[in-house]
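Take a look at the letters that make up each chain.
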Amino acid sequence: MSASLSSDRPDPLTFSQLVRDLITKVGELMTTQIALTKAELKAESQKLMIAALLGVVALLAGFTGLLLGGISIVLLLSQWLNVVWASLITTGLYLLVTGLLLMGMVLELRKNSERMQVDTPA
C-alpha cells in the first residue's frame, strides 16, 4: 500500500534543487525589475527633456518679447524726447525692474534660509 502512495506523488526535490530554483527565480525577478526601472527612467528622462526644451523655447520667446517691448518703448518715447534720452529711460526702466526682481529673490532666499535654520535642531 505504501508503494502506491509514493508512485502518485512527484519525486521529492532535494534541498540543493530548491535553493537552485530559488536563486534562479530571484535572478529572473531582479533582471525583470532592472529592465522595468530602465524603461521607467527612459520614459521620465524623455518627459524631462521635452519640458526642458519647452522651457528654453519659452525663455527665448520671452527675451525676444522683452527686446521688442524695449524697442517699442524707445520708439514711443522718441515721439516726445530725443532718441538717446528715450533709450536711456527705457534702459533705466529695465534696470529698475531687474533690481526689484533681484531684491525680491534675495529677500525670499533669506527668508527660506532663516526658516531652514529654525527647522533644523541644534
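What counts, and where the lines are drawn
Residues numbered from 1 in each chain as written. Predicted model: local features only at pLDDT ≥ 70, side-chain atom pairs only at ≥ 80, totals over all residues. Heavy atoms only, no water. Helix = DSSP H or I, 4+ residues; strand = E, 2+ residues; numbered from the N terminus. Buried < 20%, exposed > 50% of the residue type's maximum accessible area, 1.4 Å probe, protein only. Salt bridge = Lys/Arg side-chain N within 4 Å of Asp/Glu carboxyl O. Patch = residues over 30% accessible without salt bridge, like charges linked within 9 Å, V, L, I, M, F, W, Y side chains within 5 Å. Areas by Shrake-Rupley, 256 points an atom, 1.4 Å probe, with all protein chains shown as cover. pLDDT = per-residue confidence, 0-100. Contact = heavy atoms within 4.5 Å.

**Re the overall build of the protein chain**
Within the protein chain, the secondary structure is distributed over three helices and zero strands. Mapped in sequence order, the helices and strands of the protein chain form the string α-α-α. Per-residue burial for the protein chain yields a buried fraction of 3% across its 122 residues.

**A word on the pattern of salt bridges**
Overall, the coordinates contain two salt bridges when judged by the stated rule. As a salt-bridge pair, Glu44 and Lys47 come within 3.7 Å of each other at their nearest N and O atoms. In this pair, Glu44 and Lys47 are both assigned in helix H2 (residues 15–77), three residues apart and thus about one turn of the helix distant. Of the residues examined, Lys47 reaches a relative accessible area of 54% and is grouped as exposed. As a salt-bridge pair, Glu108 and Lys111 come within 3.5 Å of each other at their nearest N and O atoms. Here Glu108 pairs with Lys111, and both are found in helix H3 (residues 83–119), just three residues apart, close to one helical turn. When its relative accessible area of 41% is taken as the criterion, Lys111 is described as partly exposed.

**Topic: a nonpolar patch on the surface**
A contiguous nonpolar patch, built from Leu76, Trp80, Leu81, Val84, Trp85, Leu88 and Ile89 and spanning about 790 Å² of accessible area, is present on the exposed surface. At four residues, H3 tops the list of elements feeding residues into the nonpolar patch. Tracing the chain through its elements places Leu88 in helix H3. Leu88 gets classed as exposed once you look at its relative accessible area, which sits at 52%.

**Points about the confidence of the model for the protein chain**
Averaged over all residues, the pLDDT of the protein chain is 86; the fraction at 70 or higher stands at 87%. Here helix H1 (residues 2–8) stands out as the element of the protein chain with the lowest mean pLDDT, 51, in contrast to H2, whose mean of 91 is the highest.

**Overview of the environment of Ala86**
Mapped onto the secondary structure, Ala86 falls in helix H3. In the structure, Ala86 is positioned 15 residues away from Ile71 in sequence and 9.8 Å away in space, judged by C-alpha atoms. Sequence-distant contacts of Ala86, defined by excluding residues within four places in its chain, comprise Val74, Leu77 and Ser78.

**Comments concerning the side chain of Thr90**
With respect to the helices and strands, the residue Thr90 is situated in helix H3. Other than its neighbours up to four places away in sequence, Thr90 contacts Gly70, Ile73, Val74 and Leu77.

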